[in-house]
Amino acid sequence: MANISFDAHLFHPSSFSKLITEPRLKADKEAGKLSETTKTYLRTVYREVKYKRKSTFESKYTNKGLVVEDDGITLFCRLKKQLYKKNTVRIDNHFLTGEPDLSDNEDVMKCEHGVDIKCPWSLFTFPFPDDELELSYWWQNQCYMYLTGAKKWSTAYCLMNAPGDEILQEKKKVYYKLGMPEEGYPTYDAYIEKCLQIERNMIFNKSEFIEQNPGWDWDCKVWEYDIPLKERLVEFTVERNEEAISKIQSTVIKCRNYLNELNDLFK
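No experiment lies behind these values; they were computed from the predicted model shown.

Participant: Would you explain the pairing of strand β5 (residues 113-118) in this entry?
Facilitator: Within a regular beta strand, the side chains point alternately toward one face of the sheet and then the other, so they alternate between its two faces. The element β5 is largely enclosed, with a buried count of six among its six residues. Across the two faces of β5 the burial is the same, with H113, V115 and I117 and G114, D116 and K118 all buried. For strand β4 (residues 102-103) and β5, the ladder comprises two bridges, and the chain directions are antiparallel. Its bridge partner lying in β5, S103 is registered against G114. In the sheet, β5 pairs with strand β6 (residues 152-158) via six bridges, with the strands oriented parallel. Bridged to H113 within β6 is K152. Note on the crossover from β5 through helix α6 (residues 135-148) to β6: the handedness is right-handed.

Okay, here's the thing in structure tokens:
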């Protein structure tokens, strides 16, 4: 297998926080060395590119985010009372490549304000408005502003109903965990109580859920758990930071050099 060059390798904004992680030792920081966290991630990148493989990670949390993303976009635009455009074009420059979610312009390369939509798994992973934006998302937003030229970028958390299939999967896990109880079985009441809790924890607007899941067999017969629409959006907005963008460039170059060093090991 021929050796390849990583001199032009492009990184995705969502992974940039793994590149920017600082070493633990002060001397390593001052020497400009890569952290062990960054090296571990880059070794995965190397093998993906060199051997044409893909290190995959899937979970119920990421799956929900993908499935309900369009619903999150609808909620965001409805509450902002502005029609943001969904982007379907992958863009890149000499350092990064990515596909932003939304922008305030039909042409994402001409936008002033872009938006990244996040749909948390539950109410308990949904941020409060006075929380600080996670550093990984701050860097992701800077990357998108660098890609597009935008002046500000938002991370918008939208609390959306879970898909019906996901709720059924959660109920099924409890069913088997409790020994597949039927009526009269010692753990049947516990099973029903768990199912009630699953519906309350995973559904935030009943009418929206019924529209998407007609004929749903409710365990929770009396429903009084809707969360007001305005309380289902928390938005954090980041301003463009030229110093950070300069650091993006230098960090990518440093990471490319390390990938080439890994490649040299096999020469």
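Further notes follow.
Participant: In this structure, what is going on with the packing of aromatic side chains? I would like to understand it.
Facilitator: Centre distance and the angle of the planes are the two values used to describe a pair of aromatic rings. Taken as a whole and assessed by the stated rule, the structure comprises 18 aromatic pairs. Look at W138 and W139: their rings are 5.1 Å apart centre to centre, the planes differ by 85 degrees, and that puts the pair in the edge-to-face class. Residue classification places W138 among the partly exposed residues on the basis of a relative accessible area of 25%. The exposure class of W139 is buried, given its relative accessible area of 8%.

Participant: I would appreciate a short explanation of the sheet that holds strand β7 (residues 233-239) in the present structure.
Facilitator: Within a sheet, each strand pairs with its neighbour through backbone hydrogen bonds, oriented either parallel or antiparallel. Across the sheet, which stays open at both edges, the five strands sit in the order β1-β4-β5-β6-β7 with mixed pairing between neighbours. The open sheet has two edge strands, β1 (85-86) and β7, and neither has a second partner. The pairing of β1 with β4 spans two bridges and is antiparallel. Bridge pairing in β4 links K86 to L102. Seen against the sheet, helix α5 (residues 69-80) touches β1, β4, β5, β6 and β7 and runs at an angle of roughly 80 degrees to β7. Against the sheet, α6 engages β5, β6 and β7, with an angle of about 135 degrees to β6.

Participant: Quick question: what am I supposed to make of the pattern of salt bridges here?
Facilitator: Oppositely charged side chains can form a pair if their charged atoms are brought close together. Using the criterion set out here, one finds 15 salt bridges in the structure. The salt bridge partner of K39 is E36, with a shortest N-O separation of 3.7 Å. Within this pair, K39 and its partner E36 are both found in helix α3 (residues 36-51), separated by three residues, close to a single helical turn. Here K39 falls in the partly exposed class, since its relative accessible area comes to 26%. As a salt-bridge pair, R232 and E208 come within 3.2 Å of each other at their nearest N and O atoms. Taken together, the residues R232 in the loop between α9 (206-212) and β7 and E208 in helix α9 connect sequence positions 24 residues apart. What you see here is one network of salt bridges that share partners, running through K60, E170 and K173.

Cut-offs applied
- Residues numbered from 1 in each chain as written.
- Predicted model: local features only at pLDDT ≥ 70, side-chain atom pairs only at ≥ 80, totals over all residues.
- Heavy atoms only, no water.
- Buried < 20%, exposed > 50% of the residue type's maximum accessible area, 1.4 Å probe, protein only.
- Helix = DSSP H or I, 4+ residues; strand = E, 2+ residues; numbered from the N terminus.
- Pairing = 2+ DSSP bridges.
- Right-handed = clockwise from strand over helix to strand, strands pointing away.
- Phe/Tyr/Trp six-rings, centres within 6.5 Å; stacked < 30°, edge-to-face > 60°.
- Contact = heavy atoms within 4.5 Å.
- Axes fitted to C-alpha atoms, helices over the stretch in contact; angles between N-to-C directions.
- Salt bridge = Lys/Arg side-chain N within 4 Å of Asp/Glu carboxyl O.

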